[in-house]
Amino acid sequence: MTHTTQRTPATMPDPGTAHGDAPRAPVRAPRGAARTAKSWGAEAAKRMLMNNLDPEVAEHPEDLVVYGGTGRAARSWEAFDALVRTLDELEPDETLLVQSGKPVGVFRTHEWAPRVLIANSNLVGDWATWPEFRRLEQLGLTMYGQMTAGSWIYIGTQGILQGTYETFAAVARSLAHKRGADAATASLAGTLTLTAGCGGMGGAQPLAVTLNGGAVLIVDVDESRLSRRVQHGYLDEYTTDLDAALARVVAAKTAGEALSVGVVGNAAEVFGEVLRRHRAGAIEVDIVTDQTSAHDPLAYLPVGIPFPQWRTEAARDPETFTSRARESMAAHVTAMVGFQDAGAEVFDYGNSIRREAELGGCDRAFAFPGFVPAYIRPQFAEGRGPFRWVALSGDPEDIRRTDRAVMELFPDNAGLIRWLERAGDAVHFEGLPARICWLGYKERHLAGLRFNEMVASGELSGPIVIGRDHLDAGSVASPYRETEAMADGSDAIADWPLLNALLNTASGAAWVSIHHGGGVGIGRSIHAGQVTVADGTPLAAEKLERVLTNDPGTGVMRHVDAGYDRAKEVARERGLRIPMLEP
């Protein structure tokens, strides 16, 4: 690694933390097979809440911020303490209600009901704006739950890694097709990717590119993020010298080697400079994307504001800061459009930067597509998406055993096996040991049932928590990301995630959440999450089979309704009843 002077990391602008909370000792989830809660559903929720705030996992745990600049696990430390206490006291037939990070009520339900129901950041339509959200947040009435932060199933940078890996694999196939090569064996060897944002989500990008064989340059204003990704094995090296960074990645591209290099800088400036060199023929960039926290203008550092002054300036004058951030995003996106005009493969990675750039004055912000319609939607039509699990025991060997079990369940899925083998070698566990892979409709429940059998037999040393990203086939309405450019024009219809949450509640999930905003910002998405627990009991098996069948089934249903032929085929082949398809 190029030697640098380490700065003390400053947190992202976070106007909602000033509620008199005192500094806290680091949070770490309990390990082992013994529980203090009265059910594994409640114990699992407690451990995952705490795991979200483990310093190995969270971006800024001292502020309850898990990732995304402002995505929190709880509204305040007082609320966090009340959540932990209540989960320990919760009866097996009671349900805790959580309103934007604060426990607000406990009700008697039944053992099939979720132990926790969560709603985060939800605002009535006309009030769903960043200024109104921040006003309410300042009053202590809400918090931003992002996606898996406020639903307590974040598993560190690994959580988005396979989705990022799958996306870059699809990019490799797209490039191969354009160049007349064999897409079936495509890799990113001999290509150079330029991207930005190396935080909790974007930090998966460098490893995803190198796992696909490519070279990548990733830009971030926060040196501590780049340092952390090096420490955890997601990034090979970083520097403060753009010339040195470019020399390293260009050499790797020329040699067909996989290499990731970070550079400290502002993407709004760096992308333009790299484009200038690209146009001059000094370098050739093949792929351009971005995963900065652009969904929230206060989480994007404008050009001209020094990094140490970020929080102060954002809090002092949020409106001016927002305007300046959008102007910088416009410059950032204008450079991305320039790369596309020059022949590079360019795509938005789902952070709403195109819309923010458009508001900042970039009239061609939507000249390039989002990653879902460009690469991922065919998988969503099959109900495939990010299936993640966590070993509550804390024993990494439990993840290795479950890896083997998944490979045995799906021996003909070469891509899945290749991913799990690579993840086993390359992924650094953060907090409780965890894994993610993409499975589809009529696949996920098989893994859940196998895990439950392994817990029951003692093959695993503790229960397994099973969840997913909210970026899934049927659990989100997000016109700038997952539901961009739907075939029937239904991009903004938000009934689907609400139906998903209701169905998962009825099916026996351990906890269910409905959020607003996510990774694209206030006013731009509604999404839902579910978590189940494999504790080795017959009741858990019944719940797992229903939830892990029905949850991805809503993805197939949603894409059938939108008119996707592959989704209709999957529904017929796998026995999903769609009334409008029946005679």
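We now turn to the structure provided with this report. (Residues numbered from 1 in each chain as written. Predicted model: local features only at pLDDT ≥ 70, side-chain atom pairs only at ≥ 80, totals over all residues. Heavy atoms only, no water.)

### A short note on the overall build of the chain
Alright, step 1. Along the backbone of the chain there are 18 helices and 17 strands.
Alright, step 2. Relative to a compact globule of 583 residues, whose C-alpha radius of gyration would be 25 Å, the chain shows 22 Å and is just as compact.
Alright, step 3. Along the first, second and third principal axes, the C-alpha set of the chain runs to 65 × 55 × 45 Å.
Alright, step 4. Counting across all 583 residues of the chain, residues that qualify as buried make up 62%. (Helix = DSSP H or I, 4+ residues; strand = E, 2+ residues; numbered from the N terminus. Rg over C-alpha atoms; globule rule 2.2 N^0.38 Å. Buried < 20%, exposed > 50% of the residue type's maximum accessible area, 1.4 Å probe, protein only.)

### Here's the deal with the nonpolar core
Alright, step 1. If you look at the biggest cluster of nonpolar residues, it comprises 103 residues, and the most contacted ones within it are Trp152, Trp389, Phe451, Val465 and Trp511.
Alright, step 2. Grouped together as the second largest cluster of nonpolar side chains are 40 residues, Ala294, Met336, Ala344 and Val346 included. (Core = buried A, V, L, I, M, F, W, Y, C linked by side-chain atoms within 4.5 Å.)

### Re the packing of aromatic side chains
Alright, step 1. Taken as a whole and judged by the stated rule, the model has 16 aromatic pairs.
Alright, step 2. Between the aromatic rings of Tyr67 and Tyr154, the centroid separation amounts to 4.6 Å while the plane-to-plane angle is 15 degrees, which identifies the pairing as stacked. With Tyr67 in strand 1 (residues 65-67) and Tyr154 in the loop between helix 3 (130-138) and helix 4 (158-178), the pair connects residues that are 87 residues apart, well separated along the chain. Take Tyr67 and Tyr154: they sit in the same class, and that class is buried.
Alright, step 3. These aromatic residues form a ring-pair network of at least three members: Phe168, Phe347, Tyr349, Phe371 and Tyr375. (Phe/Tyr/Trp six-rings, centres within 6.5 Å; stacked < 30°, edge-to-face > 60°.)

### Examining the environment of Arg47
Alright, step 1. Assignment of secondary structure puts Arg47 in helix 1 (residues 40-52).
Alright, step 2. Separated by 261 residues in the primary sequence, Arg47 and Pro308 have C-alpha atoms spaced 34 Å apart.
Alright, step 3. Leaving out residues up to four positions away in the same chain, Arg47 has contacts with Ala29, Pro30, Arg31, Gly32, Ala34, Arg35, Trp40, Leu392 and Leu432.
Alright, step 4. Polar side-chain contacts of Arg47 include one of 2.8 Å to the side chain of Glu43. (Contact = heavy atoms within 4.5 Å. Polar contact = N/O pair within 3.5 Å; in protein donor to acceptor, adjacent residues only side chain to side chain.)

### Examining unusual backbone geometry
Alright, step 1. Although it is not a glycine, Ser352 sits at a positive phi angle of roughly 70 degrees.
Alright, step 2. Relative to the assigned elements, Ser352 resides in the loop between strand 11 (345-346) and helix 11 (353-359).
Alright, step 3. The residue Lys442 is not glycine, and still its phi comes out positive at about 70 degrees.
Alright, step 4. One can find Lys442 in the loop between strand 13 (434-439) and helix 15 (444-457).

### Some details on the pattern of salt bridges
Alright, step 1. Summed over the entire model, instances satisfying the criterion amount to 46 salt bridges.
Alright, step 2. The closest approach of N and O atoms between Arg24 and Asp81, which form a salt bridge, is 2.8 Å. Placement of Arg24 in the segment before helix 1 and of Asp81 in helix 2 (residues 77-89) is noted, with a sequence separation of 57 residues between them.
Alright, step 3. Relative accessible area serves as the criterion here: at 32%, Asp81 is assigned to the partly exposed category.
Alright, step 4. Between Glu484 and Arg354 there is a salt bridge; the shortest N-O distance is 2.7 Å. Residue Glu484 is located in the loop between strand 15 (476-477) and helix 16 (495-507), and its partner Arg354 is located in helix 11; the two are separated by 130 residues in the primary sequence. No difference in accessibility class separates Glu484 from Arg354, as the two residues are buried.
Alright, step 5. Taken together, the salt bridges that share partners define one network made up of Glu382, Arg566, Glu569, Glu573 and Arg574. (Salt bridge = Lys/Arg side-chain N within 4 Å of Asp/Glu carboxyl O.)

### Thoughts on helix 4
Structural remark: α-helix, 3.6 residues per turn; residues separated by three or four positions point the same way.
Alright, step 1. With 21 residues, helix 4 extends 30 Å from end C-alpha to end C-alpha; this agrees with the ideal 30 Å at 1.5 Å per step.
Alright, step 2. Counting buried residues in helix 4 gives 18 out of 21 residues, a clear majority hidden from the surface.
Alright, step 3. Phi turns positive, to about 75 degrees, at Gly180, one or two residues after helix 4. (Expected span 1.5 Å × (residues − 1).)

### Quick notes on the sheet that holds strand 10 (residues 287-288)
Alright, step 1. Taken together, the 6 strands give an open sheet; going across it, the order is 8-9-7-6-10-11, and neighbouring strands pair in parallel fashion. The sheet is open, and its two borders are formed by strand 8 (237-239) and strand 11, each paired with just one other strand.
Alright, step 2. Strand direction decides the pairing type here: strand 8 and strand 9 (residues 259-264), joined by 3 bridges, are parallel. Bridging across to strand 9, Thr239 finds its partner in Val263. (Pairing = 2+ DSSP bridges.)

### Comments concerning the pairing of strand 3 (residues 94-99)
For a regular strand, the rule is simple: side chains alternate between the two faces of the sheet.
Alright, step 1. As paired elements, strand 3 and strand 4 (residues 102-108) share 6 bridges and run antiparallel to each other. The residue bridging Leu96 from the neighbouring strand is Val106, located in strand 4.
Alright, step 2. In the sheet, strand 3 pairs with strand 5 (residues 116-120) via 4 bridges, with the strands oriented parallel. Looking at strand 5, one finds that Leu97 is bridged to Leu117.

### What to know about helix 6 (residues 223-231)
Alright, step 1. Counting buried positions along helix 6 gives 8 out of 9 residues, so the element sits mostly inside the fold.
Alright, step 2. Listed in full, the buried residues belonging to helix 6 are Glu223, Ser224, Arg225, Leu226, Ser227, Arg228, Arg229 and Val230.
Alright, step 3. Where helix 6 is buried, its residues meet strand 7 (215-220), strand 8 and strand 9.
Alright, step 4. Just downstream of helix 6 lies Gly233, where phi reads positive at about 85 degrees.

### Some thoughts on the environment of Leu548
Alright, step 1. Note that Leu548 resides in helix 17 (residues 538-561).
Alright, step 2. Leu548 gets classed as buried once you look at its relative accessible area, which sits at 1%.
Alright, step 3. Separated by 102 residues in the primary sequence, Leu548 and Leu446 have C-alpha atoms spaced 8.3 Å apart.
Alright, step 4. Discounting residues that sit within four places of it in the chain, Leu548 has contacts with Phe387, Arg444, His445, Gly448, Ile466, Gln530 and Thr532.

### Looking at the pairing of strand 6 (residues 192-196)
Alright, step 1. Counting buried positions along strand 6 yields 5 of 5 residues, so the element is predominantly enclosed.
Alright, step 2. Neither face of strand 6 is exposed, since Leu192, Leu194 and Ala196 on one face and Thr193 and Thr195 on the opposite face are all buried.
Alright, step 3. Across 5 bridges, the pairing between strand 6 and strand 7 is parallel. Bridge pairing links Leu194 to Leu217 in strand 7.
Alright, step 4. Crossover connection from strand 6 via helix 5 (residues 205-211) to parallel strand 7: handedness right-handed. (Right-handed = clockwise from strand over helix to strand, strands pointing away.)

### Digging into the side chain of Arg354
Alright, step 1. The exposure class assigned to Arg354 is buried, which follows from its relative accessible area of 2%.
Alright, step 2. From its side chain, Arg354 meets the backbone oxygen of Tyr480 in a polar contact 3.4 Å long.
Alright, step 3. Non-local contacts of Arg354, meaning those with residues more than four positions away in its chain, are made with Asp348, Ala365, Phe366, Phe368, Pro369, Gly370, Tyr480 and Glu484.

### A word on the packing of helix 16 against helix 17
Alright, step 1. Where helix 16 contacts helix 17, the two axes come as close as 9 Å, and the packing angle between them is 160 degrees. Relative to helix 17, helix 16 is oriented roughly antiparallel. With respect to the hand of their crossing, helix 16 and helix 17 are arranged in right-handed fashion. Every residue of helix 17 that contacts helix 16 at Trp496, Asn500, Leu503, Asn504 and Ser507 is listed here: Lys543, Arg546, Val547, Asn550, Asp551, Thr554, Met557, Arg558 and Asp561.
Alright, step 2. In the contact of helix 16 with helix 17, the residues fall into 4 nonpolar, 5 polar and 5 charged. (Axes fitted to C-alpha atoms, helices over the stretch in contact; angles between N-to-C directions. Parallel < 35°, antiparallel > 145°, perpendicular 65-115°, else oblique. Left-handed = near helix turned anticlockwise from the far one by under 90°. Nonpolar A, V, L, I, M, F, W, Y, C, P; charged D, E, K, R; others polar.)

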